[in-house]
Amino acid sequence: KKCKNYDQNKKLVIYQDAKKNIIEKINKIDPNIDIVKTKYPDKFSSFQKINHNSYLGFEKCFDVYKSDYTIFIEDDILPSYDFLDYHNHINLTYRDNSQYFAANSFSKENLKKLKFSYSKFIYGIGKGWSIPKERWKFLKKMYRDLINSKNEIYYDCFFEPHIKKKYFVVMPYRSRSYEQP
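Residues numbered from 1 in each chain as written. Predicted model: local features only at pLDDT ≥ 70, side-chain atom pairs only at ≥ 80, totals over all residues. Heavy atoms only, no water.

Observations regarding the overall build of the protein chain
Here is step 1: Regarding its fold elements, the protein chain presents five helices and nine strands.
Here is step 2: Along its sequence from the N terminus, the protein chain presents helices and strands in the succession β-α-β-α-β-β-α-β-β-β-α-α-β-β.
Here is step 3: Here the C-alpha radius of gyration of the protein chain, 16 Å, is about what a compact globule of 181 residues would show, namely 16 Å.
Here is step 4: Along the longest, intermediate and shortest principal axes, the C-alpha atoms of the protein chain span 50 × 40 × 35 Å.
Here is step 5: Accessible surface for the protein chain amounts to roughly 11,100 Å². Of this, 51% is attributable to carbon and sulfur atoms.
Here is step 6: Averaging the positions of the 34 positive and the 22 negative side-chain charges in the protein chain gives two centres separated by 2 Å. (Helix = DSSP H or I, 4+ residues; strand = E, 2+ residues; numbered from the N terminus. Rg over C-alpha atoms; globule rule 2.2 N^0.38 Å. Areas by Shrake-Rupley, 256 points an atom, 1.4 Å probe, with all protein chains shown as cover. Lys, Arg positive; Asp, Glu negative; His and termini not counted. Charge placed at Lys NZ, Arg CZ, Asp CG, Glu CD.)

Digging into helix α2 (residues 46–64)
Here is step 1: The end-to-end C-alpha distance of α2, which contains 19 residues, comes to 26 Å, matching closely the 27 Å that a straight helix rising 1.5 Å per residue would cover.
Here is step 2: Those residues of α2 not exposed but buried are Gln 48, Lys 49, Asn 51, Asn 53, Ser 54, Tyr 55, Gly 57, Phe 58, Cys 61 and Phe 62.
Here is step 3: On the buried face of α2, the contacting elements are β1 (12–16), β2 (34–38), β3 (69–72), β7 (129–132), α4 (136–149) and α5 (155–166).
Here is step 4: Downstream of α2 by one or two residues, Lys 66 has phi in the positive range, about 60°. (Expected span 1.5 Å × (residues − 1). Buried < 20%, exposed > 50% of the residue type's maximum accessible area, 1.4 Å probe, protein only. Contact = heavy atoms within 4.5 Å.)

Observations regarding the packing of α2 against α4
Here is step 1: For the pair α2 and α4, interaxial distance at closest approach is 11 Å and the crossing angle is 155°. In terms of orientation, α2 and α4 fall into the roughly antiparallel class. Once α2 is placed against α4, the crossing between them reads as left-handed. The segment α2 lies against α4, with Asn 51, His 52, Ser 54, Tyr 55, Phe 58, Glu 59, Phe 62 and Asp 63 engaging Trp 136, Leu 139, Lys 140, Tyr 143, Arg 144, Leu 146 and Ile 147.
Here is step 2: Its residues assigned to classes, the contact of α2 with α4 shows eight nonpolar, three polar and four charged. (Axes fitted to C-alpha atoms, helices over the stretch in contact; angles between N-to-C directions. Parallel < 35°, antiparallel > 145°, perpendicular 65-115°, else oblique. Left-handed = near helix turned anticlockwise from the far one by under 90°. Nonpolar A, V, L, I, M, F, W, Y, C, P; charged D, E, K, R; others polar.)

Remarks on the environment of Ile 131
Here is step 1: Relative to the elements of secondary structure, Ile 131 occurs in strand β7.
Here is step 2: For Ile 131, a relative accessible area of 0% corresponds to the buried category.
Here is step 3: Expressed as a C-alpha distance, the spacing of Ile 131 and Val 13, which sit 118 residues apart in the sequence, is 17 Å.
Here is step 4: Among residues more than four places away in sequence, those in contact with Ile 131 are Phe 58, Phe 62, Tyr 69, Thr 70, Asn 91, Phe 101 and Leu 139.

Let's talk about the packing of aromatic side chains
Here is step 1: Considering all chains together, one arrives at 24 aromatic pairs under this definition.
Here is step 2: Relative to Phe 72, the ring of Phe 58 has its centre 5.7 Å away and its plane inclined at 20°; by these criteria the two rings are stacked. Residue Phe 58 is found in helix α2, and its partner Phe 72 is found in strand β3; the two are separated by 14 residues along the sequence. The residues Phe 58 and Phe 72 share a single accessibility class, namely buried.
Here is step 3: Members of the aromatic cluster, connected to one another through ring pairs, are Tyr 55, Phe 58, Phe 62, Phe 72, Trp 129, Trp 136, Tyr 143, Tyr 155, Phe 158 and Phe 159.
Here is step 4: In this arrangement the basic side chain of Lys 11 is found over the ring face of Tyr 6, its NZ or CZ atom lying 4.1 Å from the centre. (Phe/Tyr/Trp six-rings, centres within 6.5 Å; stacked < 30°, edge-to-face > 60°. Lys NZ or Arg CZ within 6 Å of the ring centre and 35° of its normal.)

Observations concerning the side chain of Thr 38
Here is step 1: Among the secondary structure elements, Thr 38 is positioned in strand β2.
Here is step 2: In terms of polar contacts, Thr 38 uses its side chain to reach the side chain of Asn 53, at 3.0 Å. (Polar contact = N/O pair within 3.5 Å; in protein donor to acceptor, adjacent residues only side chain to side chain.)

Right, dumping it as structure tokens:
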């Protein structure tokens, strides 16, 4: 089942070492999905490949598509039906707040009887997250620092201390994504 408002959004898949049958499956799901195929030298670690691929996705969305915000979903994340509405609402609400960095799709708290559906946290990013174009310059700098450092660390772990120093993220009280085991 598609997310609510799925057809109103541009989709991009960054696929490493994509085989023809995988590309055909993606096109069968949605022929309007843009696919960027990447290939890296054998000496590249999984850290380097994932970090480069995620950077390429943001770069294409912000610098080529001129997106107002971008949602990043890894291949093991299943979005909820209202996933896109949630990210659209949060980014429209907070993008002009200079302390807002991103919206996460997963819950930090699991409380039931709340009169609100999300809150601000000093936290990192992950599991289906979005960022407004107003934070792209800072995110781009963090990616470049990470890639140039050659540290064997995934982007989210590298970014977290930088985000926590100066920004908040918004997280729902009811997760808008499910991480497949």
